[in-house]
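Chain residues, written in single-letter form:
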Amino acid sequence: LCLSARDAANLAQQLAKIGHSPQLMGVSWTQTDDLLQHGGRAVEDMLLISVLQNKEKSPALVAFGQAYESSYGVPPSFASIRGYDSIKMLLDAMKASPELTPESVKQTMLSLSPYPGLDTDLVLDAFGDLQGNYGLVQVMDNQYVLVD
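Residues numbered from 1 in each chain as written. Predicted model: local features only at pLDDT ≥ 70, side-chain atom pairs only at ≥ 80, totals over all residues. Heavy atoms only, no water.

### Examining the sheet that holds strand S2 (residues 47-51)
- Reading across the sheet, the four strands line up as S1-S2-S5-S6 and stay open at both edges, with mixed pairing between neighbours. One side of each edge strand has no neighbouring strand; the edge strands of this open sheet are strand S1 (25-26) and strand S6 (143-147).
- For strand S5 (residues 134-140) and S6, the ladder comprises five bridges, and the chain directions are antiparallel. Looking across to S6, one finds that Val-137 is bridged to Leu-146. (Pairing = 2+ DSSP bridges. Helix = DSSP H or I, 4+ residues; strand = E, 2+ residues; numbered from the N terminus.)

### Some words on the pattern of salt bridges
- All told, the structure shown has four salt bridges when counted by the stated rule.
- For Asp-34, the salt bridge goes to Arg-6, with nearest N and O atoms at 3.5 Å. One end of the pair, Asp-34, is in helix H2 (residues 33-39); the other, Arg-6, is in helix H1 (residues 5-17), and 28 residues separate them in sequence.
- Classification of Asp-34 by relative accessible area gives partly exposed; the value is 27%. (Salt bridge = Lys/Arg side-chain N within 4 Å of Asp/Glu carboxyl O. Buried < 20%, exposed > 50% of the residue type's maximum accessible area, 1.4 Å probe, protein only.)

### Side note on the packing of aromatic side chains
- Summed over all chains, the structure comprises three aromatic pairs.
- Aromatic side chains Tyr-68 and Tyr-72 sit 4.6 Å apart centroid to centroid with 50° between the ring planes, which places their arrangement in the tilted category. Note that Tyr-68 and Tyr-72 are positioned in helix H3 (residues 59-72) at a spacing of four residues, about one turn of the helix.
- Three or more aromatic residues joined by ring pairs make a cluster, and in this case those are Phe-64, Tyr-68, Tyr-72 and Tyr-84. (Phe/Tyr/Trp six-rings, centres within 6.5 Å; stacked < 30°, edge-to-face > 60°.)

### Notes on the nonpolar core
- If you look at the biggest cluster of nonpolar residues, it comprises 13 residues, and the most contacted ones within it are Leu-24, Leu-35, Val-43, Met-46, Leu-48 and Val-139.
- Those elements that place two or more of their residues in this core are H1, H2 and S5.
- Filtering out sequence-adjacent residues up to four positions away, Met-46 remains in contact with Leu-1, Ala-8, Gln-23, Leu-24, Met-25, Gly-26, Thr-30, Leu-35, Val-137, Gln-138 and Val-139. (Core = buried A, V, L, I, M, F, W, Y, C linked by side-chain atoms within 4.5 Å. Contact = heavy atoms within 4.5 Å.)

### Points about H3
- For H3, spanning 14 residues, the distance from its first C-alpha to its last is 20 Å, which sits close to the expected 20 Å at 1.5 Å a residue.
- Every buried residue belonging to H3 is among Leu-61, Phe-64, Gly-65 and Tyr-68, and all of these are buried. Buried residues of H3, viewed axially, fall in a sector of 100°; they line one side. H3 presents Pro-59, Gln-66 and Ser-70 as exposed residues on the side facing more than 90 degrees away from its buried surface.
- Packed against the buried residues of H3 are helix H4 (78-96).
- Phi for Gly-73, located one or two positions after H3, is positive at around 80°. (Expected span 1.5 Å × (residues − 1). Arc of directions from axis to C-beta.)

Below you can see the structure in the form of structure tokens.
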């Protein structure tokens, strides 16, 4: 499923209502708390490609997590962390870019790679796509569990 968490949860719920329970698979941006909150039992055993985080939390990630939870009342998801890293990288590239044109900023972003993120370095390929650090998680007992 290439869907947001709420859309994936809704689809899973609708399939369950008609007695259909296929093995569901999703993309990394589906892996938010919304999937678990709105999907319930219908998303149990769902597999998702996940952006893996380091097991050891960096001081920067701990500080970000505390500030985030203080502001929003929930711990940050991978989307919050990657969103923060992406915007920070973009802002740094805009500051360092010789021109504020899309191509110039893109080339500057590529030159910043690997870029130090909150929990891991962001490594971009020639097209600007984030490389590596993916794994498989499964929804088990209403939480995301890494599949070996």
